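Analysis of the macromolecular model
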Amino acid sequence: MASTAERNALRALTIGAPKDPALVTVEWQGRKFQIRQPGAADKIAILESADIDTDGKISIGGALRAKLEAVFRCTYVPTGERLFEPADRESFFATPEKKNGFLAAFGDVAFKL
């Protein structure tokens, strides 16, 4: 069995290590937004929203749901605060997807991270 000091050292290297997610700054409507790499819990939620079938295939609707979920969970203001809050969820998912809207501007970036 590992000593407490060894265990603490190993924990510091893993879950205690600095969280340095990949991020991309996107400029839209003259303002800067950050799209950040999701953490494990957010990534699971994004993948679950895709509703992947048993053959590993995803429908067009599932892909769109996953992209929207990625934008909702991965968009931050440049100070590091999440842009969207849980209370925004209903309004966010009711937003029409416009060719020049924020969902189009952020979607591909968020989904790729």
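Residues numbered from 1 in each chain as written. Predicted model: local features only at pLDDT ≥ 70, side-chain atom pairs only at ≥ 80, totals over all residues. Heavy atoms only, no water.

1. Points about the overall build of the protein
Broken down by element type, the protein carries five helices and three strands. Moving toward the C terminus, one meets the helices and strands of the protein in the order α-β-β-α-α-β-α-α. Relative to the globule expectation of 13 Å for 113 residues, the C-alpha radius of gyration of the protein, 17 Å, shows a markedly less compact shape. Over its C-alpha atoms, taken along the principal directions, the protein stretches across nearly 55 × 40 × 25 Å. Considering the protein as a whole, with its 113 residues, one finds that 26% of them fall into the buried category. Within the protein, residue pairs in contact and separated by at least 24 positions form 51% of the contacts whose partners lie at least 6 positions apart. As displayed, the protein offers around 8,000 Å² of accessible surface, 56% of which is attributable to carbon and sulfur atoms. Positive and negative charge centroids in the protein, built from 16 and 15 side chains respectively, lie 4 Å apart. (Helix = DSSP H or I, 4+ residues; strand = E, 2+ residues; numbered from the N terminus. Rg over C-alpha atoms; globule rule 2.2 N^0.38 Å. Buried < 20%, exposed > 50% of the residue type's maximum accessible area, 1.4 Å probe, protein only. Contact = heavy atoms within 4.5 Å. Areas by Shrake-Rupley, 256 points an atom, 1.4 Å probe, with all protein chains shown as cover. Lys, Arg positive; Asp, Glu negative; His and termini not counted. Charge placed at Lys NZ, Arg CZ, Asp CG, Glu CD.)

2. Examining the side chain of T75
Locating T75 in the fold gives a position in strand β3 (residues 75-76). A polar atom in the side chain of T75 sits 2.7 Å from the backbone oxygen of V71. Among residues more than four places away in sequence, those in contact with T75 are F33, Q34, I35, R82, L83, F84 and F106. (Polar contact = N/O pair within 3.5 Å; in protein donor to acceptor, adjacent residues only side chain to side chain.)

3. Focus on the confidence of the model for the protein
Mean pLDDT over the protein stands at 90; residues scoring 70 or higher make up 98%. Summarising per-element confidence for the protein, the mean pLDDT is lowest in helix α1 (residues 4-13) (89) and highest in β3 (97). (pLDDT = per-residue confidence, 0-100.)

4. Structural notes on the pairing of strand β1 (residues 23-28)
Judged from the six bridges that link them, β1 and strand β2 (residues 31-36) form a sheet pairing that is antiparallel. Counted as the bridge partner of T25 is Q34 from β2. As consecutive antiparallel partners, β1 and β2 are separated by two residues, and within that stretch Q29 has a phi angle of approximately 55°, a positive value. (Pairing = 2+ DSSP bridges.)

5. Quick look at the sheet that holds β1
Read from one edge to the other, the open sheet built from three strands follows the order β1-β2-β3, with strand pairing classed as antiparallel. The sheet terminates laterally at β1 and β3, the two strands that pair on one side only. Judged from the two bridges that link them, β2 and β3 form a sheet pairing that is antiparallel. Each residue of the ladder has a partner; that of Q34, found in β3, is Y76. Against the sheet, helix α5 (residues 102-112) contacts β1, β2 and β3, and its axis sits at roughly 165° relative to β1. (Axes fitted to C-alpha atoms, helices over the stretch in contact; angles between N-to-C directions.)

6. Considerations on the side chain of D42
By the secondary structure assignment, D42 is in helix α2 (residues 40-49). Under the relative-accessibility criterion, D42 is labelled buried at 11%. A polar contact is formed between the side chain of D42 and the side chain of R82, at a distance of 2.6 Å. Setting aside residues no more than four positions away along its own chain, D42 makes contact with R73 and R82.

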